[in-house]
Amino acid sequence: MRQEFVILVNQAGEHQGLAEKMQAHRDGLLHLAFSVLLYRETQTGREFLLQQRALEKYHSGGLWTNTCCSHPREGESLQQAATRRLGEEMGINDVVHVDEVARFVYRAALDNDLVEHELDAVLVAEVPALAVAPNPEEVMAYRWWPEAELSAHLAQSPETFTAWFSEVYRQTLASLSR
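Residues numbered from 1 in each chain as written. Predicted model: local features only at pLDDT ≥ 70, side-chain atom pairs only at ≥ 80, totals over all residues. Heavy atoms only, no water.

Student: Help me understand the UniProt feature "binding site: Mn(2+)" (unreviewed entry) in the protein chain in this model?
Tutor: In this structure's numbering, the residues bearing the UniProt feature "binding site: Mn(2+)" (unreviewed entry) are His25, His31, His71, Glu116 and Glu118. Spatially, the listed residues are clustered: although they cover 94 residues, their C-alpha atoms lie within 12.0 Å of one another. Residues from the annotated list that form part of the lining of the largest pocket: His71, Glu116 and Glu118. When you line up the elements, His25 lands in helix H1 (residues 21-27). In this structure His25 touches His31, Tyr58, His71, Leu114, Val115, Glu116 and Glu118, once residues within four positions along its chain are discounted. Mapped onto the elements of the fold, Glu118 is located in strand S8 (residues 115-126). A residue is classified by how much of its surface remains accessible, and Glu118, at 5% relative accessible area, is buried. Residue contacts for Glu118: discarding those within four places in its chain leaves His25, Leu30, His31, Ala33, His71, Phe104, Val105 and Tyr106. Polar contacts involving the side chain of Glu118 include one to the side chain of His71, which spans 3.0 Å. (UniProt positions renumbered as here; feature names shortened; annotations may be inferred. 1 Å grid on protein atoms, 1.4 Å probe; cavity = no way out; pocket = protein on both sides within 12 Å on 5 of 7 lines; lining within 4 Å. Helix = DSSP H or I, 4+ residues; strand = E, 2+ residues; numbered from the N terminus. Contact = heavy atoms within 4.5 Å. Buried < 20%, exposed > 50% of the residue type's maximum accessible area, 1.4 Å probe, protein only. Polar contact = N/O pair within 3.5 Å; in protein donor to acceptor, adjacent residues only side chain to side chain.)

Shown next as structure tokens:
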């Protein structure tokens with residue numbers, strides 16, 4: 001397995017160097033991340049494509065989250081990183097242009113004694129038709145969630161979602177209502 005690095009940043013998003021990914025999560029170092037949330041408009045309303053993380057993931061296994069998420073590599077744009085991870089996680093190899101709609105910082109203690117401390121860029125795209133073939137090492141399930149059902153489930157059972165998803169969803173809805 002290749003050693004992965006994350007880009008350390010300050011609260012303003014200015015690069016502060018690199019750290020090995022697992023070490024950054026053990027130490028709770030602030031680093032750059034992104035969350036992609038794809039949606040489609042249907043006759044009955046807007047739906048969002050979510051994945052349920054594989055149980056074997058290094059944290060948050062079995063929880064529902066946005067379409068994909070990860071960390072850009074040094075020298076890689078957010079668009080390039082999103083395209084790469086959509087393919088690696090969800091098997092979505094059609095070129096999807098995502099728009100950055102927000103950024104937020106969060107810190108959350110996770111399972112396996114890890115800490116997520118990220119400046120998370122929220123990337124969104126409307127995709128009317130899409131072939132999905134998830135990688136079972138990354139994703140145990142996926143589905144399109146109608147907006148009303150997703151909002152209700154998030155309010156009633158927030159523990160079934162990743163620590164960052166509620167803010168990603170909130171930021172996405174705010175951007176779509178502009």
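After that view of the structure, there is still more to cover.
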